[in-house]
Amino acid sequence: MKILGHAAGGYLASQLVLKLIKPQENHEKYQVLGAIAGTMPDWDFLWYLYQKKGVAYDSDFRHHTWITHTFPFHWLIALAVYLVGYFKKDRNIKNSAAVLATSSTTHLLQDM
C-alpha cells in the first residue's frame, strides 16, 4: 500500500481510539498522530535510501521482512510511551500511546 493509504488507515484507527477513550482535549492532535503513526513502519525506507545513496528498488528491498514491520516492535514503542505517561500521571501521553499502537498496527494489517 502507498504512504497516503497508510496515513488514512492510521487516521481512521485514531478515530476508533478516540471513540473508546473519549479524551477531553483537542482531538486533532490525536488524529494527526494517528496519520503519522500509520506511516511509521515504512520509515525504515529512509535507512534503505541512505544505504543505497538514492532511490533504488533492488532485489534486496524487502522491507516487509525487517523488524520494523513486526507487531512487537511498535507495541514496545507504544508501551514505553504509555509507561512514561503512567509514571508522569499524564493522560495525554497514555492516550497518545493508544493511538500510536493502534495506528501502527493498522499499517501492518494493511500490508498483509
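Residues numbered from 1 in each chain as written. Predicted model: local features only at pLDDT ≥ 70, side-chain atom pairs only at ≥ 80, totals over all residues. Heavy atoms only, no water.

A. Expanded view of the packing of aromatic side chains. Evaluation of the coordinates by the stated rule reveals two aromatic pairs. Taken together, a centroid distance of 5.2 Å and an interplanar angle of 80 degrees make the contact between Tyr 86 and Phe 87 edge-to-face. Accessibility expressed as a relative area gives 45% for Tyr 86, which makes it partly exposed. Look at Phe 87 and you get exposed, because its relative accessible area is 63%. (Phe/Tyr/Trp six-rings, centres within 6.5 Å; stacked < 30°, edge-to-face > 60°. Buried < 20%, exposed > 50% of the residue type's maximum accessible area, 1.4 Å probe, protein only.)

B. The side chain of His 107, seen in detail. For His 107, the location among the structural elements is in helix H5 (residues 91–111). Assessed through its relative accessible area of 0%, His 107 is described here as buried. At a separation of 3.2 Å, a polar atom in the side chain of His 107 contacts the side chain of His 6. Excluding residues within four positions of it along the chain, His 107 makes contact with His 6, Gly 38, Thr 39, Pro 41, Asp 42 and His 69. (Helix = DSSP H or I, 4+ residues; strand = E, 2+ residues; numbered from the N terminus. Polar contact = N/O pair within 3.5 Å; in protein donor to acceptor, adjacent residues only side chain to side chain. Contact = heavy atoms within 4.5 Å.)

C. Local environment of unusual backbone geometry. The residue Lys 89 is not glycine, and still its phi comes out positive at about 55 degrees. In this fold, Lys 89 is placed in the loop between helix H4 (71–88) and H5. Here Lys 89 falls in the exposed class, since its relative accessible area comes to 72%.

D. Highlighting a nonpolar patch on the surface. On the surface, Leu 76, Leu 79, Tyr 82, Leu 83, Tyr 86 and Phe 87 cluster together into a nonpolar patch covering about 640 Å² of accessible area. The exposure class assigned to Tyr 82 is partly exposed, which follows from its relative accessible area of 36%. (Patch = residues over 30% accessible without salt bridge, like charges linked within 9 Å, V, L, I, M, F, W, Y side chains within 5 Å. Areas by Shrake-Rupley, 256 points an atom, 1.4 Å probe, with all protein chains shown as cover. Salt bridge = Lys/Arg side-chain N within 4 Å of Asp/Glu carboxyl O.)

E. Up close: the packing of helix H1 (residues 3–21) against helix H2 (residues 28–39). At a closest axis distance of 7 Å, the pairing of H1 and H2 adopts a crossing angle of 135 degrees. It follows that H1 is oblique to H2 by the angle criterion. For the element pair H1 and H2, the recorded crossing hand is right-handed. Residues Ile 3, His 6, Ala 7, Gly 10, Tyr 11, Ser 14, Gln 15 and Leu 18 of H1 lie in contact with H2, whose contacting residues are Tyr 30, Gln 31, Gly 34, Ala 35, Gly 38 and Thr 39. (Axes fitted to C-alpha atoms, helices over the stretch in contact; angles between N-to-C directions. Parallel < 35°, antiparallel > 145°, perpendicular 65-115°, else oblique. Left-handed = near helix turned anticlockwise from the far one by under 90°.)

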